[in-house]
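Residue-level listing of the chains:
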Amino acid sequence: MTRNTKAAGYFLYHSIGLYPGKEEDMAQAMAEFSSVWAAPDDKQWGYVLRKRQDFCEAWGRLINAPKGSVTHVDNVTEALHKLVRALPEGWLKGRKILVGADCFPSLHFMLAGLAPKIGFTLVTVPLSDGKAWVETEDFLAHWDRDVALSLLTWVTSTASARMDYPALVAHGRAMGSLMVADITQAAGLLPFDVTEPRVDFVISTSLKWLCGTPGAGILYVDKGIVAELQPEARGWFSQNNPFSWDLDKFEYAPDVRRFDSGTPGSVAAIASLPALRWFTAQDQAQIAARNRAMVDQIITHADDLGLPLLSPREVDRRGGAVMLRMPSKAEAAAIVGALGVEGYSVDFRNTILRLSPGIVTEDSAIETVFDITRATMNRRKARFAGQGVNLERKGQAMDGTLLGNLGQALLTGAVRIVDCTAVLGPDTPLLRLPKDVAKNTPQVKIHKISEYDIDGPYWAWNWMELGEHSGTHFDAPHHWLSGKDFPDGFTDTLDVQRLMAPVNVIDCTAEAQADPDFLLTAQRVKEWEAQHGEIGPGEWVVMRTDWDKRSHDVELFLNEDPDPLEDGSHSPGPSTDCMDYLLSKGIVGWGTQCVGTDAGMAGKFSPPYPAHNFLHRDNCFGLASLCNLDQLPPKGAILIATPLKIQNGTGSPIRALALVPQA
């Protein structure tokens, strides 16, 4: 499959968004800003404030808001906080604020913190039975005359479910409640009018469909009630004339500018203005119709795969995305990783796969996305030993002589055992963690009990102090935060059938010798597969660098950065997309010859430590400080990596052995 390199495969539901020409438009806007801001004159503030006003007016055109009713804020949480704190004294005390359990969580966090300070009760309407969203009728059932303010989530971020907005606004008017609409999840895709039906407040950002930047939020206030509001955070820009500096004569601006407080941060608004102008010039109905057709295609493919739908099927009850429940969080992550390696951008939250076909997404990409998803899921079904491929179908019939033949091969030397283990003792190099972040593992200590002496006249033995992750060692899933919830994720609960498997040895010796920060990429793995054969489900993959040749010198082996303020070391490892790709193949685990499974500088990656993070999220194993990988062929060996059966063990030193066929 040829890797997609175009925006045609863009399905992200998170906060960025793309439209044709976005990069060029933003670059031009920022270049213009830089030119004005860096000029040796006094023209900067006139330019900046005019552009900020253009941003507010562009938003006004988008939602049919009159001039003087829209202002710029950083984000929706700040906007709602400003509103709640600006309400008339006593308006909320002893009354309720009503929200749905499917509201944007940040807003709930903020309101829950304000409730005891102001004296209102936060009422959260639970998800409706069997649904991933709150139904309109359930929301209405909780809405009585004690509700002072209601947060209406026009389209939910968790299910892309669309509420019956007119019915809710009509009920709110009858109850005498103030209403604030959060339109973030569909602004720019679906038409919204602040006057039809009339709502008191609107909050949103310029992200998502509007393809803007972070920090470009908006607050709309109905001009009929703005005079009753007194924002708590007021400043010189809260006035009609910002340059009126008489300390005893402060007076709020007569319109929404009273919410502006101090010197306005405007760069995000300027950067988002080109996208807003682009969207206000488009036919929104056409954009929405195309999106609906693509979402329908996605739902059809999901049904074929048996993936439960967590969004409404009905077109008029959903936004522009669709949520699918995957069998597990690890499965969702592996699918997203596999798609990302091939150039298709999809995201997930926990077990939920989120697909949002946008302006630049092409119809043909949908089928490819599901082809990759189907292939990845099928490969991963075979990744657990004992549940894998049927070898007879490969012409390798299995019969009762199999183990007998192996035994003979071991006895005759046709199969050689290679020790892939470092010596474990006081001089064994151990991982050093970033300073002031965590506690390090103490060095290995070996204490003598007796050696044919008064403490034991006929025997010699020792006792030891060592960490689970010392020397050549095994990382169990519970070792990392992402794998903490697997009941079989400890060394005493894991499936031992998975510990012995074919091993793929990817030789990166030359690259690591030339560059100690060398990263193995997905593309490099694909090139290796083209030469040696595909990596199969349930197999080990190890990265040969011959780094074990440095183990005689602790400092050479760890290769820490000489800068005392720099955390990290210089040793090779996998890139993020490499781990995504390998887990899409259904591997059992990954190993390196360095002190850890990640590259030395992996703490600076995004996300940090992808080998640890992704492997253990997928209930897979890690091996570190392996030795003698130069004695293993690229394919054809069997790796045996068995940790001690430590109660609730997160890892263990191991004796790693490889069965290698002789020529």
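Look above for the structure.
In this text the structure is predicted, and so the values were computed from the model without any measurement.

A. Representation of the nonpolar core. Counting 51 residues, the largest nonpolar core has Trp59 and Ile63 as its most contacted members. Put simply, the parts of the chain that give this core at least two residues each are helix H2 (44-63), strand S3 (121-125), strand S4 (147-153), helix H6 (165-175), strand S5 (178-182), strand S7 (217-221), helix H7 (267-280) and helix H8 (284-305). Not counting the four nearest positions on each side in its chain, Trp59 is found in contact with Val70, Ile183, Ala187, Ser204, Thr205, Ser206, Leu210, Ile218 and Leu276. By size, the runner-up hydrophobic cluster in this structure holds 33 residues, among which are Val73, Leu83, Met110 and Leu229.

B. Summary view of the sheet that holds S3. Read from one edge of the open sheet, seven strands run S1-S7-S6-S5-S4-S2-S3, paired in mixed fashion. Looking along the sheet, the strands with just one partner apiece sit at the ends: strand S1 (70-73) and S3. Sheet twist, expressed as the mean angle between neighbouring strand axes with direction ignored, is 20 degrees. Direction of pairing for S4 relative to S5: parallel, over a ladder of five bridges. Looking across to S5, one finds that Leu151 is bridged to Val180. Most of the contacts of H2 go to S1, to which it runs at about 120 degrees, and overall it touches S1, strand S6 (201-205) and S7. Its contacts with the sheet put helix H3 (residues 76-86) on S1, S4, S5, S6 and S7, and the angle it makes with S6 is roughly 155 degrees.

C. Layout of the environment of Ile654. Within the secondary structure, Ile654 is located in the loop between strand S22 (651-653) and strand S23 (657-661). Overall, Ile654 belongs to the buried group, its relative accessible area being 6%. Put simply, Ile654 and Leu623 are 31 residues apart on the chain and 9.1 Å apart in space, counted from C-alpha to C-alpha. Among all residues touching Ile654, those that are not within four sequence positions of it are Thr421, Thr472, His473, Phe474, Leu623, Ala641, Thr642 and Pro643.

D. Quick peek at empty space enclosed by the protein. The tally for this structure, following the rule as stated, stands at one cavity of 30 Å³ or more. Size it by volume and the largest cavity reaches roughly 140 Å³. Taken together, 13 residues make up the lining of the largest cavity; nearest its centre are Leu12, Gly17, Lys208, Trp209 and Ser356.

E. Highlighting unusual backbone geometry. Glu196 connects to Pro197 through a cis peptide bond whose omega is -5 degrees. Tracing the sequence through the fold places Pro197 in the loop between S5 and S6. For Asn619, which is not glycine, the phi torsion reads 60 degrees and is therefore positive. Residue placement: Asn619 occurs in the loop between helix H16 (610-617) and strand S20 (621-624). Residue Asn619 is classed as buried on the basis of its relative accessible area, which comes to 6%. Positive phi is not limited to glycine here, since Ser625 has a value of about 60 degrees. Along the chain, the position of Ser625 falls in the loop between S20 and strand S21 (637-640). Residue classification places Ser625 among the buried residues on the basis of a relative accessible area of 6%.

F. Spotlight on the side chain of Gln593. Structurally, Gln593 can be placed in the loop between strand S19 (589-592) and H16. Here Gln593 falls in the buried class, since its relative accessible area comes to 1%. At 2.7 Å, the side chain of Gln593 forms a polar contact with the backbone nitrogen of Asp546. At a separation of 3.0 Å, a polar atom in the side chain of Gln593 contacts the side chain of Asp548. Contact partners of Gln593, with chain neighbours within four places excluded, come to Met543, Arg544, Thr545, Asp546, Trp547, Asp548, Phe557, Ser625, Leu626, Cys627, Asn628 and Leu629.

G. Highlighting the packing of aromatic side chains. Applying the stated rule across the entire model yields 16 aromatic pairs. Seen from their ring centres, Trp236 and Phe237 are 4.8 Å apart, and the 80 degrees between their planes marks the pair as edge-to-face. You can call Trp236 partly exposed: its relative accessible area is 28%. Residues Trp480 and Tyr609 carry aromatic rings whose centres are separated by 5.7 Å and whose planes lie at 70 degrees to one another, so their mutual orientation is edge-to-face. In this pair, Trp480 is assigned in the loop between strand S14 (473-475) and strand S15 (500-507) and Tyr609 in the loop between S19 and H16, connecting sequence segments 129 residues apart. Residue Trp480 is classed as partly exposed on the basis of its relative accessible area of 26%. What makes Tyr609 partly exposed here is its relative accessible area of 27%. Lying across the ring of Trp91, Arg95 places its NZ or CZ 4.8 Å from the centre.

The rules behind each value
Residues numbered from 1 in each chain as written. Predicted model: local features only at pLDDT ≥ 70, side-chain atom pairs only at ≥ 80, totals over all residues. Heavy atoms only, no water. Core = buried A, V, L, I, M, F, W, Y, C linked by side-chain atoms within 4.5 Å. Buried < 20%, exposed > 50% of the residue type's maximum accessible area, 1.4 Å probe, protein only. Helix = DSSP H or I, 4+ residues; strand = E, 2+ residues; numbered from the N terminus. Contact = heavy atoms within 4.5 Å. Pairing = 2+ DSSP bridges. Axes fitted to C-alpha atoms, helices over the stretch in contact; angles between N-to-C directions. 1 Å grid on protein atoms, 1.4 Å probe; cavity = no way out; pocket = protein on both sides within 12 Å on 5 of 7 lines; lining within 4 Å. Points joined across faces, edges and corners; volume = space filled by probe spheres on them. Polar contact = N/O pair within 3.5 Å; in protein donor to acceptor, adjacent residues only side chain to side chain. Phe/Tyr/Trp six-rings, centres within 6.5 Å; stacked < 30°, edge-to-face > 60°. Lys NZ or Arg CZ within 6 Å of the ring centre and 35° of its normal.

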